[in-house]
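What follows is each chain in one-letter form.
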Amino acid sequence: MSEQTHVLFVEDDDVIREATQLALERDGFAVTAMPDGLSGLEAFRANRPDIALLDVMVPGLDGVSLCRRIRDESTVPVIMLSARADSIDVVLGLEAGADDYVTKPFDGAVLVARIRAVLRRFGHASGPANSAAAEGHSSADGSVLSFGHGDLEIDTEGMEVRRGGTPVALTPTEMRLLLEFSSAPGTVLSRDKLLERVWDYGWGGDTRVVDVHVQRLRTKIGQDRIETVRGFGYKLKA
């Protein structure tokens, strides 16, 4: 890569922090590693990293709270690190605005793969999903999709969403999810299919990631806009 990707890594365990930093640096990333949430927030504001890796349980300002503070200021991708796959902290982190999570202990190669998958999504928010969306119900200029008698508008070129004429702020992951739904309005998309298309998972993933992001998207574009089809998945109402 011509310019190094800058990773902010917040982890209070010295051994994990140092070993992970070295592993990421060997893979070509520039890493700022911090031992607690408050110093992590300061580092984020000072350095504006390309991606943040936040351990859930860090002192001072926990990872979930730090994620919320970052999300208030930026749409930079966030991956949460949690010691328990079944922890409520996973869901809390996703609800706070995280884009993905990795369970500890993790394999360094898996972590790097997840980081790169998230960065691909953020670097190509107007990729395949956008092209597919442009084939849907569009306006005269061919780039604005309209749903709900014009209540919801999606500009697939400008990457903007309006609800009732008012701009809606979406994270890149939420935008890709909405573009995926809008590419086939009325068609049920399974959680596994959304994991594959939006999160770039070539393997099985935790469907809670999908569920939480769908709920976050609903709060922004309207609770009744995305319908749950029990046992199958979700669909965007045409």
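The structure reproduced in this document is the subject of the present report.

Rules used throughout
Residues numbered from 1 in each chain as written. Predicted model: local features only at pLDDT ≥ 70, side-chain atom pairs only at ≥ 80, totals over all residues. Heavy atoms only, no water. Pairing = 2+ DSSP bridges. Helix = DSSP H or I, 4+ residues; strand = E, 2+ residues; numbered from the N terminus. Axes fitted to C-alpha atoms, helices over the stretch in contact; angles between N-to-C directions. Contact = heavy atoms within 4.5 Å. Buried < 20%, exposed > 50% of the residue type's maximum accessible area, 1.4 Å probe, protein only.

Overall, parallel pairing links the five strands, which are arranged β2-β1-β3-β4-β5 in an open sheet. Taken across any chain shown, the strands that pair with only one partner, and hence form the sheet edges, are β2 (30–34) and β5 (100–103). Along the sheet, successive strands turn relative to each other by an average axial angle of 20 degrees, direction set aside. Here four bridges tie strand β4 (residues 78–82) to β5, and the two strands are oriented parallel to one another. Across the sheet, residue Leu81 finds its bridge partner in β5, namely Val102. Across the sheet, helix α1 (residues 14–26) is in contact with β1 (6–10), β2 and β3 (51–55); its angle to β2 comes to roughly 170 degrees.

Consider a sheet: its strands pair through backbone hydrogen bonds, and that pairing is either parallel or antiparallel. The four strands are arranged β6-β7-β8-β9 in an open sheet whose pairing can be described as antiparallel. Bordering the open sheet on either side are β6 (144–147) and β9 (166–168), each of which pairs with just one other strand. In this sheet, adjacent strand axes meet at a mean angle of 25 degrees when their direction is disregarded. Here three bridges tie strand β8 (residues 160–163) to β9, and the two strands are oriented antiparallel to one another. If you follow Val161 over to β9, its bridge partner there is Val168.

Glancing now at unusual backbone geometry. Residue Pro105 follows Lys104 across a cis peptide bond; omega there is -5 degrees. Position of Pro105 among the secondary structure elements: in the loop between β5 and α5 (108–123). Even without a glycine there, the phi angle at Arg48 is positive, about 45 degrees. Of note, Arg48 is situated in the loop between α2 (37–47) and β3. A positive phi angle, close to 55 degrees, is found at Met159, a residue other than glycine. One can find Met159 in the loop between β7 (152–155) and β8. By relative accessible area, Met159 is classed as partly exposed at 24%.

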